[in-house]
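If you want the building blocks of each chain, they are given just below.
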Amino acid sequence: MAKTNAGRFFEDYSVGDVLTHAVPRTVGAGERALYHALYPARHALYSSDTFAQACGIAASPLDDMIAFHTVFGKTVPDVSLNAVANLGYAEGRWLKPVWQGDTLTSQSEVIGVKQNSNGKSGVVYVRTTGRNQRDEAVLEYVRWVMVRKGDLDALAPETVVPDLNKVVPAGTLAIPDGLNFENYNFDLAGEPHRWGDYAVGEQIDHVDGVTMEEAEHMMATRLWQNTAKVHFDTSARPDGTRLIYGGHVISMARALSFNGLANAQMVVGLNAGAHANPCLAGDTVRAWSEVLDKAETSAPGVGAIRLRLVATKGGAPFQLRGEDGKYLPEVLLDLDYWALMPM
């Protein structure tokens, strides 16, 4: 019996499969230090214990995207080791903060499959849940990924495409216990703009850019134990390039959004997301945001703001699609998420 794992191919998935992912990961200050070394992340709640304590929580939790990358990375050997590309996200919710010393595990359920017309690949839909050592769910989301077929003669499975919510209802967003922005320190946070200062439809150019480096994106991908071949092996893609992990682009764009959204402190919902075009080393990533919606919450002084975050590799800001309705070639990421902000 073969001892090595070649990964699952499209024909190996069936709706209803439950995948328990290896390996548990205990996260701590090292993950935070490396995350802040890789990205210009400066949101105060994730940088300072005293700032977090002034906002009603016991200490500064680990960045929301550290939780996402860690949970996501565990799924790769079972879901996307033989991926062509990760395509999109929906119904994501951060349910509990992740603290230093927490041990995270992941489990996924296959909720949809659809073979592509070329017969060489198909799309697999999974719902993933990340849990801590107390078996508490800390994160859940749906993603869909295009996966190669191993046997081109394998019969196409019956198509099942899940019916997914386009937006996570604001009333279902999980607010961390004790969070209170009534005594929020805007000077220490870095900007004076509060929830009421943003208008639906407003667009924000985040100004700054970062050129992607080959070594940094591979270091980040290894940090999250993401083993997808397209990120490391130049023979895995026809053009001989390494595809930069989409989560690396998400974190870079989120960090760049600090300039203009410094008070969008916590990401708590992921409504939708698309990796519109591949990102490669040498691309300079810039970002812009659009305010899509706003909602009050039950937490003192805490509002929810729904944002579209777009990462690009050139071109003017606020340009998303061409006349044909397709993403412009310079658009890398289109992410729709909820964040918590002082009112």
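Preceding this paragraph is the structure being described.
Let us look at the structure shown here. (Residues numbered from 1 in each chain as written. Predicted model: local features only at pLDDT ≥ 70, side-chain atom pairs only at ≥ 80, totals over all residues. Heavy atoms only, no water.)

A look at helix 3 (residues 64-79)
Given 3.6 residues per turn, any residue in an α-helix points the same way as the ones three and four places further on. Its 16 residues give helix 3 an end-to-end C-alpha distance of 22 Å, which sits within 8% of 22 Å, the value for a rise of 1.5 Å per residue. Of all 16 residues that make up helix 3, 15 are buried, and the element is covered over most of its length. (Helix = DSSP H or I, 4+ residues; strand = E, 2+ residues; numbered from the N terminus. Expected span 1.5 Å × (residues − 1). Buried < 20%, exposed > 50% of the residue type's maximum accessible area, 1.4 Å probe, protein only.)

Concerning the side chain of Asp283
With respect to the element layout, Asp283 can be found in the loop between strand 7 (266-275) and strand 8 (284-296). Buried charge Asp283 goes without a salt bridge, the closest partner of opposite sign being Lys313 at 4.2 Å. There is a polar contact of 2.9 Å between the side chain of Asp283 and the backbone nitrogen of Leu280. Apart from the residues lying within four places of it in its own chain, the contact partners of Asp283 are Val210, Thr211, Met212, Pro278 and Lys313. (Lys, Arg positive; Asp, Glu negative; His and termini not counted. Salt bridge = Lys/Arg side-chain N within 4 Å of Asp/Glu carboxyl O. Polar contact = N/O pair within 3.5 Å; in protein donor to acceptor, adjacent residues only side chain to side chain. Contact = heavy atoms within 4.5 Å.)

Some details on the pairing of strand 4 (residues 121-131)
With respect to burial, strand 4 is a largely interior element, 9 of its 11 residues being buried. The antiparallel pairing of strand 3 (residues 103-115) with strand 4 creates a hairpin that spans 5 residues between the two strands, and Gly119 there sits at a positive phi of about 75 degrees. Direction of pairing for strand 4 relative to strand 5 (residues 137-148): antiparallel, over a ladder of 11 bridges. Within the sheet, the bridge partner assigned to Gly122 lies in strand 5 and is Val147. Joining the antiparallel neighbours strand 4 and strand 5 is a turn of 5 residues, in which Asp135 adopts a positive phi near 65 degrees. (Pairing = 2+ DSSP bridges.)

A word on the packing of helix 3 against helix 6 (residues 246-256)
Running from amino to carboxyl end, helix 3 crosses helix 6 at an angle of 180 degrees, the nearest separation of the two axes being 11 Å. With respect to their mutual orientation, helix 3 and helix 6 come out roughly antiparallel. Facing helix 3, whose interface residues are Asp64, Met65 and His69, helix 6 presents Gly247, His248, Ile250, Ser251 and Arg254. Residues that form the contact of helix 3 with helix 6 fall into these classes: 2 nonpolar, 4 polar and 2 charged. (Axes fitted to C-alpha atoms, helices over the stretch in contact; angles between N-to-C directions. Parallel < 35°, antiparallel > 145°, perpendicular 65-115°, else oblique. Nonpolar A, V, L, I, M, F, W, Y, C, P; charged D, E, K, R; others polar.)

So, the pattern of salt bridges
Applying the stated rule across the entire model yields 12 salt bridges. With a shortest N-O distance of 3.1 Å, Arg134 and Glu136 are connected by a salt bridge. Using a relative accessible area of 46% as the deciding quantity, one classes Arg134 as partly exposed. Judged by its relative accessible area of 26%, Glu136 falls in the partly exposed class.

Observations concerning the environment of Leu333
With respect to the helices, strands and loops of the structure, Leu333 is situated in strand 10 (residues 331-342). Considering only alpha carbons, one finds Leu333 and Gly301, 32 residues apart in sequence, at a separation of 31 Å. Residues in contact with Leu333, not counting those within four places in the same chain, are Val249, Ile250, Ala253, Ala274, His275, Ala276, Leu309, Val310 and Ala311.

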